[in-house]
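# Examination of the molecular architecture
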Amino acid sequence: MKLFIYAFPAMFLMIAATGCDDDDAPTPSFVVPDTYVFERDGASTVSFSGQSERLGMAQELSAALLDFSKREDELFNMYRNPEGVDPFSDASLNESTKSISSKVAASRDLFFTNATAAAAIKADFDGWISAQVSEVFPNENELAARGQAGQVADGSDVRYVNEWGLELNQAFSKALIGGLMYDQAVNNYLGTAILDEGTNRTENDMANTVNGESYTNMEHKWDEAFGYVFGLSANPAQPLDDLGEADNFLNKYLGRVENDPDFTGIAANIESDFRLGRAAIVVGEYGERDARANRIKEILTDVLVIRSIYYLKQAEAQLRATPLMPQAAFHDLSEGYGFVYSLRFIRLTIDGQEIDYTTFSDNSLATLRNADDNGFWGLEADELATLAEDIASVFFINLEAAAN
Amino acid sequence: MRITSLAFLLLLSISSCKTNNGDDDGPEPVAFDRQAMLANWADNLIAPAYDDLEADLQSLHLSAEAYAATPDAGTLAVLRNDFSKAYRSWQASSPFVLGKAEELRLREQLNTYPTNIDLIEENVSQLNTINLELPSQTVAQGLPALEYLLFGLAEEALQSDDDYRSYILQLTGRMLTLSEAVKADWLATRDAYVQNDGNSATASIDRTVNDYIFHFEKFLRAGKVGIPAGVFSDDPLADRAEGLFAGYSKALFSASLNSSEQFFNGGLNDYLDALGVERSGELLSQQINDQFADIKAAANSLNDNFSTQVVTDNTAMLQLYDELQKQVVFLKVDMLQALSINVDYVDADGD
């Protein structure tokens, strides 16, 4: 019976689908709600609580990395959320069985057959937490200098850096955007390996819901991708209302890029892509679903690349200022460092070949690390200019547009 | 046919040679002495401002010593008076944070507000261990911290606890040291500043004008008016007003505004006139000066304490903000375009 109801719109779409432009996502002819609201038998089928919880945990952990009273084990408890421990100040997070760490470098598409790479990445994240405690915390009241961790001034703000100028908490938080939110959304939940896993399609065609829930598996997977972008939105049905403010991760930077007139419009696009793709799932329109998924992936990829370029160009401008105060650039450099780390979670297919950017990311980080000359203290503006140009050209982003 | 097109080409190339032969990205060459303007800025505006600041901070430090030695109503009155003078002197210097002043973060060290009362109290209780050079201490020093101690703290507390008086001395001493370093460096680099009269982004005019407008936009418009009036937040923020303990926000605002106006009329007005810059048929310099008058008019009826004003009638603050904003447009858009100067700062969007 249910199949019959869905056959009609599917037919409409087949007709509408011919003669479509690849770049121009046409208005589909199946029912699409105006807001991200989907129901079955009067109950909402939208669910992404696990994502909201991880975002909430990440928010707390990010802040805790600058709490000098925290011990290393307390920070790792927030990161790993082990049984029997209540590391968060938000009670609902303490009740959660989820953890940030279990989903870092854990996507189906990139790491299912690459536990080695995943382990190396997880070790990086662990390392940043440990180093914050062992290198930065003890130097809370020191003035930073070459080879000396401590405080640098950023206007009237204070930044806490390691001995070569990196704010480890920024490296962690910005790298987490790539390693958790982006990787899970783009390389896991929006990929066909997960969406079409097992009998998902058949179940979805028959509207067979997951035991005890009102959603099909496929509907849920799609929502989980949505959750990594809009999971902390005050009103997820209309997620653009608080775009840029819902969290300090993908949502925030999607908002920042949207505010750049060169890229304005991506927010409306990603919102409608999520909504239309989800509606396509409801009517079993999988071609449309995947077309929308690809557009979402492109937009999220652009956010990572654009912000990488942006921070490097901002830092470059600081290093060209008179008088030269290199420390003024450290905050931008640290954020840039985290975003550049995140580039390794991108996979673009060019001329039929899937490109892995891990080496590119590592090489770029080595440039920023500047190990021969005291890290950020010795970086030169021209090096940053070249690096920004390289990133722009490798990822096909307009340098000028991203720079400001 | 060929000859005509050749001739045409030749004509084209000749006419294209007649473009301005000054620096590539400078304004149209015109009879205006940029170096003289720089000299006027350096000698008649900036140096005197730094002089006054240093002198007033000197007096302030001396009266802080007198008060520490003999804490009574008389010495406190002198100290408070000298504090007011110094605070107003600072306003006159604030638009010119260049070179050494920038390096030493003079503005941040002297006038970051709101001050952090908890940190001040913590510092007072452990006087021997604090390091005022740390960036984290920026919010517990300078004029706003002094203002809290002299006007925000109960007089009996100030009178009875000599740790407060010791801390006051640390603050005044530090401000004096910083301003002395800035003034000395200014005098030493004055000639280089004046001679660097080119059009590049690192030359003196470009940097000075950028700093001037940055100050106007961020510290005068937003810091003194916009932020307390709640323009950048959901509600007005009474605790973010300058001079809220002493109750003279308006006097500080006026001192800063007057210095801004004076600087504009110290050469930029003539420069714009020499370039013949007009907007809607009127000289831009005149419009800018008219706008300064409008700003003063809007500030006139405000309470001396902006912290009170935003609570009793915030609309009046918002009106002042709007007048300041109009001036930002004149300066940052119209004037910079006419002078072929690029904005060298970005409104920080936070992390």
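Residues numbered from 1 in each chain as written. Chains lettered and ligands numbered in written order. Predicted model: local features only at pLDDT ≥ 70, side-chain atom pairs only at ≥ 80, totals over all residues.

## Regarding the overall build of chain B
Our working definition: To qualify as a helix, a DSSP run of H or I must reach at least 4 residues; to qualify as a strand, a run of E must reach at least 2; elements of each kind are numbered from the N terminus. Each residue is classed by its C-beta neighbour count within 10 Å, where at least 20 other C-beta atoms makes it buried, 12 or fewer makes it exposed, and intermediate counts make it partly exposed; the C-beta atoms are placed from backbone geometry. Here, residue contact means that the backbone-derived C-beta atoms of the two residues sit within 7 Å.
For chain B, the helix and strand inventory stands at 14 helices and two strands. Projected onto its principal axes, the C-alpha positions of chain B cover 100 × 45 × 35 Å. Classification of the 351 residues of chain B by burial places 42% in the buried group. A fraction of 76% describes how many contacts in chain B between residues 6 or more apart in sequence connect residues 24 or more apart.

## What about the overall build of chain A?
The test is simple: Each radius of gyration is computed over the set of C-alpha atoms, and the globule rule expresses the reference value as 2.2 Å times the number of residues to the power 0.38.
Secondary structure assignment for chain A yields 17 helices and six strands. For 404 residues, the compact-globule formula gives about 22 Å, and the C-alpha radius of gyration of chain A, at 22 Å, lands near that figure. Across its three principal axes, chain A shows a C-alpha extent of roughly 70 × 50 × 40 Å. Of all 404 residues assigned to chain A, the portion counted as buried reaches 48%. For chain A, restricting intrachain contacts to residue pairs at least 6 apart in sequence, the fraction spanning at least 24 positions comes to 65%.

## Some points on the pairing of strand β5 (residues 347-350) of chain A
Residues and elements named next belong to chain A. The cut-off we apply is this: Note on pairing: DSSP must find at least two bridges between two strands before they are called paired.
Pairing of β5 with strand β6 (residues 353-356) involves four bridges; the strand directions are antiparallel. Each residue of the ladder has a partner; that of T349, found in β6, is E354. Between β5 and β6, which pair antiparallel one after the other, the connecting turn spans two residues, and D351 there sits at a positive phi close to 55 degrees.

## As for the packing of helix α3 (residues 72-80) of chain A against helix α6 (residues 115-136) of chain A
All names here are of chain A. Here is the rule we go by: In this description, a line fitted to the C-alpha atoms serves as the axis of each element, helices being fitted only across the stretch in contact, and the angle between N-to-C directions of two axes falls anywhere from 0 to 180 degrees. Working definition: roughly parallel below 35 degrees, roughly antiparallel above 145 degrees, roughly perpendicular at 65 to 115 degrees, and oblique for all remaining angles. In this scheme the handedness of a crossing depends on how the near helix is turned from the far one: anticlockwise by less than a right angle means left-handed, clockwise means right-handed. Classes in brief: Ala, Val, Leu, Ile, Met, Phe, Trp, Tyr, Cys and Pro nonpolar; Asp, Glu, Lys and Arg charged; the others, Gly included, polar.
Relative to each other, α3 and α6 sit at 155 degrees, their axes nearing to 10 Å. The orientation of α3 relative to α6 falls into the category roughly antiparallel. For α3 against α6, the interelement crossing comes out right-handed. Here E72, L75, F76 and Y79 of α3 come into contact with α6, specifically with I129, S130 and V133. Tallied by class, residues from the contact of α3 with α6 come to five nonpolar, one polar and one charged.

## Focus: the environment of D191(B)
Residues and elements named next belong to chain B. With respect to the helices and strands, D191 occurs in helix α9 (residues 162-195). Overall, the presence of 11 C-beta atoms within 10 Å leaves D191 in the exposed class. Sequence-wise, D191 and A39 are 152 residues apart; in three dimensions their C-alpha atoms are separated by 8.6 Å.

## Remarks on helix α15 (residues 358-369) of chain A
All names here are of chain A. Inclusion rule: In this scheme, a helix's expected span is set at 1.5 Å multiplied by one less than its residue total. Directions pointing from the helix axis toward each C-beta atom define the arc.
The end-to-end C-alpha distance of α15, which contains twelve residues, comes to 16 Å, matching closely the 16 Å that a straight helix rising 1.5 Å per residue would cover. Of the residues making up α15, those classed as buried are S361, S364 and L368. Viewed end-on, α15 has its buried residues packed into an arc of 65 degrees, placing them on one side of the element. Exposed positions of α15 whose direction lies more than 90 degrees from the buried face are T359 and A366. Buried-residue contacts for α15 involve α14 (330-342) and α16 (381-394). Two residues or fewer after α15 comes N370, characterised by a positive phi angle close to 45 degrees.

## A look at helix α7 (residues 168-189) of chain A
So the rule is basically this: The term bend refers to the angle at a residue between two fitted axes, each drawn through seven residues, those ending there and those starting there.
Approximately 50 degrees is the largest bend angle found in α7(A), and it occurs at D183(A). The buried fraction of α7(A) is high, at 22 of 22 residues.

## Focus: the interface of chain A and chain B
Each partner contributes residues to the interface: chain A has 16 residues there, and chain B has 18 residues. Per element, the largest residue contribution to the side of chain A that touches chain B is three residues, and it comes from strand β3 (residues 150-154) of chain A. By residue class, the composition of the side of chain A that touches chain B is six nonpolar, eight polar and two charged.

## Regarding the domain arrangement of chain B
Residue and element names in this part refer to chain B. The condition is simple: As used throughout, domain bounds are those supplied by an automatic or database domain assignment.
The domains assigned to chain B are domain 1 (31-197) and domain 2 (198-342). Look at where the C-alpha atoms of domain 1 and domain 2 centre, and you get two points 23 Å apart. At the junction of the two partners, domain 1 supplies 28 residues and domain 2 supplies 29 residues. Within the residue set of the side of domain 1 that touches domain 2, elements represented by two or more residues are α2 (34-69), α3 (73-93) and α7 (142-152).

## Some details on the confidence of the model for chain A
Our working rule: As a per-residue measure, pLDDT reflects the predictor's confidence and takes values from 0 up to 100.
Considering every residue of chain A, the mean pLDDT works out to 93; 93% of them sit at 70 or more. Across residues 1-23 of chain A, where pLDDT falls below 50, the model places 25 contacts with residues more than four positions away in sequence or in other chains.

## Overview of the environment of L149(B)
Residues and elements named next belong to chain B. Here L149 is to be found in helix α7. Note on L149: 23 C-beta atoms within 10 Å, which makes it buried. Measuring from C-alpha to C-alpha, the distance between L149 and V30 comes to 53 Å, with 119 residues separating the pair along the chain. The residues contacting L149, other than those within four sequence positions of it, are L158, Y164 and I168.

## Quick notes on the pairing of β3(A)
All names here are of chain A. With five of its five residues buried, β3 lies for the most part within the structure. As defined by bridge partners, β3 adjoins strand β4 (residues 157-161) across five bridges and the pair is classed as antiparallel. Across the sheet, residue Q151 finds its bridge partner in β4, namely Y160. If you look at the hairpin formed by β3 and β4, you'll find two residues sitting between the two strands, and G155 has a positive phi there, around 65 degrees.

## Some details on the nonpolar core
Going by this rule: By definition, a nonpolar core groups buried Ala, Val, Leu, Ile, Met, Phe, Trp, Tyr and Cys residues that are joined through C-beta atoms within 7 Å.
The biggest cluster of nonpolar side chains holds 110 residues, and the ones touching the most others in it are A185(A), L250(A) and I309(A). The element that contributes the greatest number of residues to this core is helix α13 (residues 286-319) of chain A, accounting for 14 residues. The residues touching I309(A), leaving out its near neighbours within four places in the chain, are A388(A), I391(A), A392(A), I397(A), L399(A), A402(A) and A403(A). Of all hydrophobic cores here, the second largest spans 83 residues; its members include L38(B), Y67(B), A140(B) and L220(B).

## Describing the confidence of the model for chain B
Residues and elements named next belong to chain B. Per-residue pLDDT for chain B has a mean of 90; in total, 90% of the residues score no lower than 70. Confidence over residues 1-24 falls short of pLDDT 50; this stretch has five contacts with residues more than four positions distant or in other chains. Here the prediction assigns the complex a pTM of 0.87, and the interface score ipTM is 0.81.

## Examining the environment of D334(B)
Residues and elements named next belong to chain B. Position of D334 among the secondary structure elements: in helix α14 (residues 314-338). For D334, a count of 17 C-beta atoms within 10 Å gives the class partly exposed. Measuring from C-alpha to C-alpha, the distance between D334 and A203 comes to 20 Å, with 131 residues separating the pair along the chain. The contact partners of D334, leaving out residues within four places of it in the chain, are R279, L284 and V329.

## Some points on unusual backbone geometry
Following T322(A), the chain continues into P323(A) via a peptide bond in cis, with omega recorded as -5 degrees. Along the polypeptide, P323(A) turns up in the loop between α13 and α14. Here N81(A), not a glycine, exhibits a phi torsion of approximately 45 degrees, which is positive. The residue N81(A) is located in the loop between α3 and α4 (91-95) in this model. Positioned with a positive phi, S280(B) is a non-glycine residue whose angle comes to about 50 degrees. Tracing the backbone through its elements, the reader meets S280(B) in the loop between β1 (278-279) and β2 (282-283).

## Focus on the packing of α7(A) against α13(A)
Residues and elements named next belong to chain A. The interhelical angle for the contact between α7 and α13, taken along N-to-C directions, is 160 degrees, at an axis separation of 10 Å. Classed by the angle they form, the pair α7 and α13 counts as roughly antiparallel. Of the two possible hands of crossing, α7 and α13 adopt the one that is left-handed. Note on element contacts: α13 touches α7 through K297, L300 and L304, opposite G178, Y182, A185 and V186. Its residues placed into classes, the contact of α7 with α13 shows five nonpolar, one polar and one charged.

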